[in-house]
Amino acid sequence: MSGNGIDEQLAQARSRLDRRSARDAWREVRSGAAWLVDIRPAAQRAEEGEVSPGLAPLVIERNVLEWRFDPRQDAVLPGVDFDTRVIIMCQEGYTSSLAADALRSLGLSRATDVVGGFAAWRGQGLPIASRAILLEA
């Protein structure tokens, strides 16, 4: 058997990150010091909820993340450079650690993720999108 298991890969990725609590991430995003990027699939966002649009979270699914944040690519988001502070969020804070580490490997040395992901964000009562309640007539 060769290679590292996912637990070891996750531990290695996290050892290179300055991970943020949900509240600390909220403070950074609210102040304009960081971009919050939700990498969860649409179905998961629909089921679990989303960060409040007032915080201007970016929704970029995991399969295109690197292309949207590599300043050397034509598909890069406007305003992204190697010094951009990016805070990645997934549902529980696992995939986001691997994704943030991938961005660091591209040269975005300030990329990190949210400990506990959206579940921690929602659990701490941080701003989420309000959902319309449909009433049956």
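The notes below deal with the structure included here. (Residues numbered from 1 in each chain as written. Predicted model: local features only at pLDDT ≥ 70, side-chain atom pairs only at ≥ 80, totals over all residues. Heavy atoms only, no water.)

Observations concerning the side chain of R85
Definition in use: Secondary structure elements are defined from DSSP: runs of H or I of at least 4 residues count as helices, runs of E of at least 2 residues count as strands, and each element is numbered from the N terminus. For this analysis, a polar contact is any N or O atom pair within 3.5 Å, provided that within protein one partner can donate a hydrogen and the other can accept it, and provided that sequence-adjacent residues contribute only side-chain to side-chain pairs. Residues count as neighbours in contact if any of their non-hydrogen atoms are within 4.5 Å of one another.
For R85, the position within the fold is in the loop between α4 (65-69) and β3 (86-89). In this structure the side chain of R85 is engaged in a polar contact, spanning 2.8 Å, whose partner is the side chain of E28. If we skip the residues at most four places from it in the chain, R85 touches R20, E28, A33, A34, W35, R110 and T112.

Some points on helix α5 (residues 95-106)
Convention followed: One fewer than the residue count of a helix, multiplied by 1.5 Å, yields its expected span. Using a 1.4 Å probe on the protein chains alone, a residue whose accessible area is under 20% of its type maximum counts as buried, one over 50% counts as exposed, and one in between counts as partly exposed.
Taking 1.5 Å as the rise per residue, α5 with 12 residues should run 16 Å; its terminal C-alpha atoms sit 17 Å apart, in good agreement. Residues S96, S97, A99, A100, D101, A102, L103 and L106 constitute the buried set of α5. In the stretch just after α5, G107 is the one whose phi turns positive, near 115°.

Digging into the side chain of D38
Within the secondary structure layout, D38 lies in strand β1 (residues 35-38). Of the polar contacts made by the side chain of D38, one reaches the side chain of R40; its length is 2.7 Å. The residues touching D38, leaving out its near neighbours within four places in the chain, are R45, L58, V59, I60 and M89.

Notes on the packing of aromatic side chains
Worth spelling out the cut-off: Between the rings of Phe, Tyr and Trp (Trp by its six-membered ring), a pair exists once the centres lie within 6.5 Å; its type follows the angle of the planes, with under 30 degrees stacked, over 60 edge-to-face, and the other angles tilted. Our definition puts a charge over a ring when NZ of Lys or CZ of Arg is within 6 Å of the ring centre and also within 35 degrees of the ring normal.
In this structure the tally under the stated criterion is 1 aromatic pair. Their ring planes at 65° and their centres at 6.0 Å tell us that W35 and F69 sit as a pair that is edge-to-face. A residue pair is termed long-range when its members are at least 10 positions apart, and W35 in strand β1 and F69 in helix α4 qualify at 34 residues. The exposure class assigned to F69 is buried, which follows from its relative accessible area of 0%. Between the NZ or CZ atom of R30 and the centre of the ring of W26, over which it lies, the distance is 4.1 Å. Sitting above the plane of the F118 ring, R40 keeps its charged end 4.3 Å from the centroid.

Some points on the sheet that holds strand β2 (residues 58-59)
Inclusion rule: A pair of strands is considered paired only if DSSP assigns at least 2 bridges between the two. Throughout, an axis means a line fitted to C-alpha atoms (over the contacting stretch in the case of helices), and angles, computed between N-to-C directions, take values from 0 to 180 degrees.
Taking strand neighbours across the sheet as the criterion, the 4 strands line up as β2-β1-β3-β4 in an open arrangement whose pairing is parallel. Of all the strands in the sheet, the pair left with one neighbour each is β2 and β4 (112-113). Bridging between β1 and β2 involves 2 bridges; their strand directions are parallel. Bridging across to β2, V37 finds its partner in L58. Of the strands in this sheet, β3 and β4 are in contact with α5, which crosses β3 at around 150°.

With respect to helix α2 (residues 22-31)
Short version of the rule: As used here, the arc belongs to the directions running from the helix axis to the C-beta atoms.
Considered for burial, the residues of α2 that qualify are A22, A25, W26, E28 and V29. Here the buried residues of α2 occupy an arc of 165° about the axis, which is enough to place them on one side. Turned more than 90 degrees off the buried face of α2, the exposed positions are R30 and S31. Buried residues along α2 sit in contact with β1, β3 and α6 (117-123).

Details of unusual backbone geometry
Most of the time, phi is negative for any residue but glycine, and the peptide bond is trans. The phi torsion at A56 lies on the positive side, around 55°, for a residue other than glycine. Structurally, A56 is set in the loop between α3 (42-48) and β2.

Observations concerning the pattern of salt bridges
Counted only if it meets this: The salt bridge definition used is simple: a Lys or Arg side-chain nitrogen within 4 Å of an Asp or Glu carboxyl oxygen.
One pass over the full model with this rule turns up 13 salt bridges. A salt bridge links R62 to E66; the nearest nitrogen and oxygen atoms lie 2.8 Å apart. Since its relative accessible area comes to 27%, R62 is described here as partly exposed. Three or more residues are tied together by salt bridges with common partners; here these are D18, R20, D24, R27, E28 and R85.

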